[in-house]
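Okay, here's what each chain looks like letter by letter:
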Amino acid sequence: MTEVLLEIKDLGIQFKTGEGAIQPIRGVNFTLKKGETLGVVGESGSGKSVTSLAVMGLLPEKKSKIVSGSILFNNEDITHLNERQYRKLRGNEMSMIFQEPMTSLNPVFTIGEQLGEPLKQHKKMSKKERKEAIIKILKQVGIPRAEQIINDYPHQLSGGMRQRVMISLALLCEPKLLICDEPTTALDVTIQAQILELMKQIKAEKNMSLLFITHDLGVVAEMCDRVVVMYAGEIVEVAEINELFDNPLHPYTKGLIDSLPTNNARKSKLYSIKGQVPKPDEIGKGCAFANRCPYAFNKCVESAPPTFSKGEHLSKCWLQESDRQVNIQ
Amino acid sequence: MTESSLIEVKNLKKYYEISQGLFKPKLVVKAVDDVSFSIKRGETFALVGESGCGKSTTGKTLLRLTDATSGEVRFKGEDILSLPYEKMRSLRKEMQMVFQDPYASLNPKMTIRQILLEPLRVHKKYSPEERMKKIVDILEIVGLSRSHLDRHPNEFSGGQRQRIGIARAVVLNPDFIIADEPVSALDVSVQSQVINLMLELQKEFGLTYLFISHDLSVVEHMTDRVAVMYLGKIVELADTEELFANPKHPYTQALISAVPVSHPKDVKERIVLKGDVPNPANPPSGCTFHTRCPFVMDKCKSVEPSLTEIGNGHITSCHLYSKNKEENINAIIYS
Ligand SMILES: Nc1ncnc2c1ncn2[C@@H]1O[C@H](COP(=O)(O)OP(=O)(O)OP(=O)(O)O)[C@@H](O)[C@H]1O
Ligand SMILES: Nc1ncnc2c1ncn2[C@@H]1O[C@H](COP(=O)(O)OP(=O)(O)OP(=O)(O)O)[C@@H](O)[C@H]1O
Ligand code: SF4
Ligand SMILES: [Mg+2]
Ligand SMILES: [Mg+2]
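First things first, this report covers the structure right here in the doc. (Residues numbered from 1 in each chain as written. Chains lettered and ligands numbered in written order. Predicted model: local features only at pLDDT ≥ 70, side-chain atom pairs only at ≥ 80, totals over all residues. Heavy atoms only, no water.)

A separate point is the sheet that holds strand β4 (residues 70-75) of chain B. To summarise the sheet geometry, strands pair through backbone hydrogen bonds and adopt either a parallel or an antiparallel arrangement. All names here are of chain B. With antiparallel pairing, the four strands of this open sheet are ordered in space as β2-β1-β4-β5. What marks the edges here is a single partner per strand, and that holds for β2 (27-40) and β5 (78-79). Bridge analysis of strand β1 (residues 5-18) against β2 gives eleven bridges, and the strand direction is antiparallel. Paired with Y16 across the strands is V29, a residue of β2. Against the sheet, helix α1 (residues 55-62) touches β1, β2 and β4, its axis set at about 115 degrees to β1. (Pairing = 2+ DSSP bridges. Helix = DSSP H or I, 4+ residues; strand = E, 2+ residues; numbered from the N terminus. Contact = heavy atoms within 4.5 Å. Axes fitted to C-alpha atoms, helices over the stretch in contact; angles between N-to-C directions.)

This is the structure in structure tokens:
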């Protein structure tokens, strides 16, 4: 059996807002195996970033609370570590590439200074060793003139270069877990192709585990071994990548795949999922997708479906109840 | 100008001067450098290309949101670049823009109700009751609802804000919409709703779109013709189906090959370009693509290729396709 690096069990996260508490993460369960790339897809606001921030111990301290469940990293419960304990893990055993590349590099420090920081914190290295390590990693991510670039500031670099710097920053301490939150969304396709290629290659070399968050199913198809699909703060489907595309079990996943322009005749009306994601306070006792689901029946509105499994393929939909097992193809 | 074109762009240039400090010469960024095209009535015309190639600047110059350096833009036959301010203002309701950045384009102090009512009020369209009905309808079409009316933009996700921007542009029923990356920030499921909405509105009102996007699968789906830009210039222009089936310019070929697969089992021959987009303030000599081109020849480094028609409205600027005999052989090998 493959070893598990990260296990999230029944995670629930609450936020305090002006209008009272909301719970946008209502029950997230998944495991990430060693050496695996696990894709996380889902609607904007479904909780992808919040889930990954929770893993990194980066939730806003005063505003948010983990109200249920646990996060296990390397078989260790890290759910309630304090900031000091987390600092040992972060940037070292686990790191993250954030959704907005510009906000995560500090404009007033040079590239070299920013890359030096995690090494100072986590590794006992001399100044010279640090510089060598930094140049080496920058070269690895395909940055030309690395020796000069370390003296540049972020704004002097192009978007693609900045994202490479972000990647090298994340890889610096050779983490076991790398979380990528939409790492290429802000980039051009030709640069995206370069970066994805680079990430595949580095992942293979270092045997890392990747949690790869994206809303682009094409990128998922290229990068991932397995996929979890999130909807309204829950995991609604988990499947091996080919299985997900060929035989989606959850109507939301099927809707997503059917809406891809490439799966629709040119100029035709695209398949689209009607309606919109319910807000946290609009989710009733039934299935969170019921108001948009073309297959919904009475039971869907009355009670929330549990997770059904078909081998390794999991889905949270009443259609998969053992006496029903409806094929939605 | 041909009968059927709604807008015609000729030799449009937009140069930005960037000050380098007191004693240094100014840098000139040729954001749009001698671009010509026309868009037919009812057509969806796409501008694609990498970040910084000048797509948004082209769009903004067409609407006079920024002044052109030189060139001509004719809308319904009228040269709008020389139109007096007042006339331009009233033309604006016929030409709308959906912006790329959903954060910057909505006034954070206004409620959604105010944001959507404003254009109707400014251009004196409909009675007050009709206005309310209209904006609620539009909100629902873009996937939001009446319950959002009294909220402010910062209470919405990026995706939701973009939908509000689209609602604001279509609420006036304009003839021509420049949509600058209108669906880039949206979820796949909402993206398809918005594309359908744009297609529907187009059918119903004969709308003409300039569709700026870097998402080629969306461009392939919904546009009629495509112009590919690189560093301020159009390097290839063709009917959409022709362009995707038969890309000629090496840059277009790389661009199309870089689109992610649509199924994990698909394999794709990928042309991975080396390096980044060059600095537009200091573009390479000759063919500006020569620093990244897999087929670069000596000539490319010094001589700028011109746009040449290579068949039925399909034009490209690349020495592989110039009339020279020897190079034609290369073109056949590489295409
Ligand atoms: N600091 C916060 N305070 C209150 N609510 C928050 C906060 N951060 C996130 N949320 C809410 O949590 C939910 C999940 O947000 P999250 O950022 O995880 O979505 P996402 O899946 O990453 O979406 P996207 O694809 O748009 O990045 C949203 O409804 C969001 O409004
Ligand atoms: N106001 C400005 N002042 C100076 N330079 C500008 C200005 N606006 C744009 N530019 C430059 O002009 C060039 C074209 O920019 P533009 O925004 O049109 O590109 P784009 O193709 O829309 O890119 P993207 O895909 O990133 O939106 C870029 O090099 C940009 O830096
Ligand atoms: S449980 Fe019912 S409503 Fe929910 S996805 Fe399945 S069929 Fe649709
Ligand atoms: Mg996110
Ligand atoms: Mg732009």
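Next comes the rest of the write-up.
Backbone phi values are negative for most residues with the exception of glycine, while trans is the configuration of most peptide bonds. All names here are of chain B. A positive phi is found at N11, a non-glycine position, where the angle reads about 45 degrees. Along the chain, N11 falls in strand β1. Classification of N11 by relative accessible area gives partly exposed; the value is 41%. Not every positive phi belongs to a glycine, and L231 is a case in point at roughly 45 degrees. Mapped onto the elements, L231 comes out in the loop between β9 (225-230) and β10 (233-239). Since its relative accessible area comes to 9%, L231 is described here as buried. (Buried < 20%, exposed > 50% of the residue type's maximum accessible area, 1.4 Å probe, protein only.)

Our focus in this paragraph is the packing of helix α4 (residues 111-122) of chain A against helix α7 (residues 159-171) of chain A. Residue and element names in this part refer to chain A. At a minimum axis distance of 9 Å, the contact between α4 and α7 shows a crossing angle of 20 degrees. Regarding the angle of α4 to α7, the classification is roughly parallel. Once α4 is placed against α7, the crossing between them reads as right-handed. Where α4 approaches α7, its residues I111, Q114, L115 and P118 are matched on the opposing element by V165, S168 and L169. (Parallel < 35°, antiparallel > 145°, perpendicular 65-115°, else oblique. Left-handed = near helix turned anticlockwise from the far one by under 90°.)

The next point concerns the site of ligand 1. Residue and element names in this part refer to chain A. Close contacts around ligand 1 come from 13 residues, with S44, G45, K48, S49 and V50 the closest. G45 is positioned such that a nitrogen or oxygen atom in its backbone is 2.7 Å from an oxygen atom of ligand 1. Within the backbone of V50, a nitrogen or oxygen atom sits 2.8 Å from an oxygen atom of ligand 1. For ligand 1, whose free accessible area comes to 640 Å², the fraction covered by protein is 70%. When residues of the shell around ligand 1 are traced back to their parent elements, those giving at least two are β2 (20-33) and α1 (48-55). Among the elements that take part in the shell around ligand 1, α1 stands out by supplying three residues, more than any other. (Near = heavy atom within 4 Å. Polar contact = N/O pair within 3.5 Å; in protein donor to acceptor, adjacent residues only side chain to side chain. Areas by Shrake-Rupley, 256 points an atom, 1.4 Å probe, with all protein chains shown as cover.)

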